[in-house]
Amino acid sequence: MKQSVMSIKIRYSAIQSLFLMAYCSICGFATVFLSARGFSASQIGVILAAANILAIFLQQILAAVIDKSEKITLKTASLFLCVLTMALLAALYTVHAQKDKTAVLLLLATISILVIQPLLNAVYVYYLGEGVEINFGVARGCGSVAYAVISILLGMSIEQFGEGSILAAGFWLYVGLFICIWTLSIYKREPARSKEKQRFLRAASLFIKKYVTYFQILLGFVLIFTEHFILNTFSLQIMESVGGGAGNVGISIGIAAFCELPVMFGFSWIAGRIESRLLLKIAAAVFTLKGLFSLGASTVGMLYLAQSLQMLAFGLYTPAIVWYTSQVIEPEDMVKGQSLAIFSSLAGNILGNLLGGRIYDSLGAKAMLWAGAAISGAGTVIIFLVKRKDGES
C-alpha cells in the first residue's frame with residue numbers, strides 16, 4: 001500500500017520517540033536498576049561494557065547481512081529485535097534475588113536495544129533514497145521530548161514503586177515500537193554485488209581504508225563518548241556525591257533531553273548554513289566543556305546547569321553525524337556507515353563503563369570525572385586535527 005509522505009514522517013518520528021523512551025528506561029536507568037539489585041559500580045560497568053562489546057560485533061555482522069541479503073530487510077530485522085527485547089524484559093521481570101540471571105538477561109536486553117539503533121537510523125537514509133525528505137532533526141527532537149518526559153516520570157516512579165517500573169516501561173514502549181515499525185513499507189533494493197566474496201574482517205578493513213577521514217573522526221568521538229558515558233552510566237553515583245538521589249537523576253536526564261530540542265528541531269536550518277564537519281567539531285568541544293562543568297559541580301543545581309550544555313553536545317552531534325554520514329558514505333555502504341557511527345558511541349560506552357566503575361570504586365567520583373575530562377579533551381584534539389575530507393567537496 002502506498003504511504004503518504006506525511007504519514008511516513010509521522011511514523012518515523014513516533015519510532016524515534018518510542019525507541020528513545022525505551023532506551024532511556026533500560027539503558028539510561030541501568031545503573032539505578034542494577035544498584036537496587038545489589039550490584040557494585042565495577043560490576044555494573046563490566047555488565048554494560050560486555051553488552052557494548054558484543055553489540056559492536058553483532059551490529060557490523062547484521063549490517064553486512066542486510067546489505068547483501070536478498071530477503072532480509074531493515075523492517076524484518078528490526079521487528080525481530082523488538083520481539084527479542086520484549087521477551088528478555090518479560091523474563092527479567094520474573095527474576096529478583098538471582099543476580100546471575102539478572103546480569104545475563106539485562107546484558108542480552110541491552111545488546112538487543114543497542115543493535116537496533118543503527119537500523120532505525122538507516123530507515124531514515126532508506127526513505128531519503130526513495131525521495132522522502134524526512135527531517136531527521138525534527139524526528140530526533142520529538143524523541144528528545146519523549147526521552148525527557150519518560151526520564152522525569154521514571155525518576156518519580158522508581159522512588160514510589162521501585163526498580164520494577166523500569167522494566168514495565170521498557171516492555172510496553174517496545175510493544176509500541178513494534179507496531180510502528182510494522183506499519184512501515186520498506187522494500188528490498190537490489191543488493192550490491194561483489195566480484196568476489198570477502199570475509200567480514202577483510203571487508204571491514206577495506207571499508208576503513210576507503211573512508212579514512214570518517215574513521216579518524218569517529219576515533220576522536222570514541223574518546224569523547226568515554227567521558228559522556230561515564231557521566232551517563234554513573235549519574236546516580238555522581239548525583240549522590242553532591243547530595244542527590246534517583247529522583248534528581250531523572251530530573252537531570254530530563255533537563256539534558258529538553259535542552260537538545262532547539263538544535264534538533266532547527267537542525268535543517270543549521271545544516272543549510274554550517275558544514276557538517278564543523279558542526280561535529282563544535283559538538284566535540286562542548287562535550288568536553290560539559291565534562292569540565294560536571295567536574296567543578298559541588299551541588300545538585302550545578303549538575304543541572306552542566307546538563308544544559310547537552311544542547312550543543314549530544315543534541316548537535318546526533319543529527320550532525322547522520323547528516324555527515326549520508327554525505328560521505330556511498331549508498332551501498334550506508335548501513336555499515338551508520339553502524340560504524342554507532343560503533344564509536346558503543347566503544348566509548350565500553351571504555352566509560354569499565355574505567356568509570358573501576359575508578360569510582362577505587363578513588364571516588366571526583367577522580368572518575370577528572371579522568372573523563374582528560375580523555376574527552378584528547379578526543380576533541382584528534383577531531384580538530386583531522387584534515388583530509390573523504391567524499392566532501
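Above this note sits the structure.
Here the structure is a predicted model, which means the values were calculated and not measured.

Let us look at helix α5 (residues 99–129). Owing to its 3.6 residues per turn, the α-helix brings residues three or four apart onto one side. When the terminal C-alpha atoms of α5 are compared, their 46 Å separation across 31 residues agrees well with the 45 Å that a helix rising 1.5 Å per residue should span. When you tally the buried positions in α5, you get 23 out of 31 residues, the bulk of the element. A positive backbone phi angle near 85° is found at G131, which sits one or two residues after α5.

Attention now moves to the pattern of salt bridges. One pass over the full model with this rule turns up three salt bridges. Of the charged contacts in the structure, one is a salt bridge between D333 and K210, with a shortest N-O distance of 3.0 Å. Taken as a pair, D333 in the loop between α16 (314–328) and α17 (334–363) and K210 in helix α8 (residues 200–210) lie far apart in primary sequence, 123 residues in all. A relative accessible area of 38% means that K210 is categorised as partly exposed. Connected through salt bridges with shared partners, the residues K210, E330 and D333 form a single ionic network.

Inspection of every chain in the model, using the stated rule, returns 13 aromatic pairs. Ring geometry for F225 versus F229: centroids 5.9 Å apart, planes at 35°, classification tilted. Taken together, the residues F225 and F229, both in helix α9 (residues 212–233) and four residues apart, mark about one turn of the helix. Of the residues examined, F225 reaches a relative accessible area of 1% and is grouped as buried. When the ring of F225 is compared with that of F314, the centres are 6.4 Å apart and the planes differ by 85°; the resulting orientation is edge-to-face. In this pair, F225 is assigned in helix α9 and F314 in helix α16, connecting sequence segments 89 residues apart. For the pair shown, F225 and F314 are each scored as buried. Put simply, the rings of F221, F225, F229, F287, F314 and Y317 touch in pairs and so form one group of aromatic residues. Its end group placed over the ring of W182, K75 keeps NZ or CZ at 5.6 Å from the ring centre. A cation over a ring is seen here: K99 above F39, with NZ or CZ 4.7 Å from the ring centre.

Relative to each other, helix α6 (residues 136–161) and helix α7 (residues 164–182) sit at 140°, their axes nearing to 8 Å. The orientation of α6 with respect to α7, classified from their angle, is oblique. The segment α6 lies against α7, with L154, S157 and I158 engaging S165, I166 and A169. Looking at the contact of α6 with α7, its residues break down into four nonpolar, two polar and no charged.

The next point concerns a nonpolar patch on the surface. A surface patch of nonpolar side chains, amounting to about 570 Å² of accessible area, comprises I53, L54, F57, L58, I61, V65 and I72. Secondary-structure assignment places L54 in helix α3 (residues 41–68). Residue classification places L54 among the partly exposed positions, given a relative accessible area of 41%.

All right, on to helix α11 (residues 246–259) then. Taking 1.5 Å per residue as the helical rise, α11 with its 14 residues ought to reach 20 Å, and the 20 Å between its terminal C-alpha atoms agrees with that figure. In terms of burial, α11 is largely enclosed, as ten of its 14 residues are buried. Those residues of α11 that fall on the buried side of the exposure criterion are A246, G247, V249, G250, S252, I253, G254, A256, A257 and C259. Among the structural elements, α1 (5–28), α6, α10 (235–241), α12 (261–265) and α15 (300–307) are those in contact with the buried residues of α11.

Turning next to the state of the cysteines. Applying the stated criterion to the full structure yields zero disulfides. C24 takes part in no disulfide bond, and the closest cysteine sulfur, belonging to C27, lies 9.4 Å away. What makes C24 buried here is its relative accessible area of 0%. Cysteine C180 remains unbridged, with the sulfur of C82 as its closest cysteine sulfur at 9.7 Å. Assessed through its relative accessible area of 18%, C180 is described here as buried.

Our focus in this paragraph is the environment of S362. For S362, the location among the structural elements is in helix α17. Along the primary structure S362 and V115 are separated by 247 residues, whereas in three dimensions their C-alpha atoms are 32 Å apart. Within the local environment of S362, its side chain forms a polar contact with the backbone oxygen of R358, the two atoms lying 3.0 Å apart.

Conventions used here
- Residues numbered from 1 in each chain as written.
- Predicted model: local features only at pLDDT ≥ 70, side-chain atom pairs only at ≥ 80, totals over all residues.
- Heavy atoms only, no water.
- Helix = DSSP H or I, 4+ residues; strand = E, 2+ residues; numbered from the N terminus.
- Expected span 1.5 Å × (residues − 1).
- Buried < 20%, exposed > 50% of the residue type's maximum accessible area, 1.4 Å probe, protein only.
- Salt bridge = Lys/Arg side-chain N within 4 Å of Asp/Glu carboxyl O.
- Phe/Tyr/Trp six-rings, centres within 6.5 Å; stacked < 30°, edge-to-face > 60°.
- Lys NZ or Arg CZ within 6 Å of the ring centre and 35° of its normal.
- Axes fitted to C-alpha atoms, helices over the stretch in contact; angles between N-to-C directions.
- Parallel < 35°, antiparallel > 145°, perpendicular 65-115°, else oblique.
- Contact = heavy atoms within 4.5 Å.
- Nonpolar A, V, L, I, M, F, W, Y, C, P; charged D, E, K, R; others polar.
- Patch = residues over 30% accessible without salt bridge, like charges linked within 9 Å, V, L, I, M, F, W, Y side chains within 5 Å.
- Areas by Shrake-Rupley, 256 points an atom, 1.4 Å probe, with all protein chains shown as cover.
- Disulfide = S-S within 2.5 Å.
- Polar contact = N/O pair within 3.5 Å; in protein donor to acceptor, adjacent residues only side chain to side chain.

Everything listed here is a matter of coordinates, which is why it stays silent on function.
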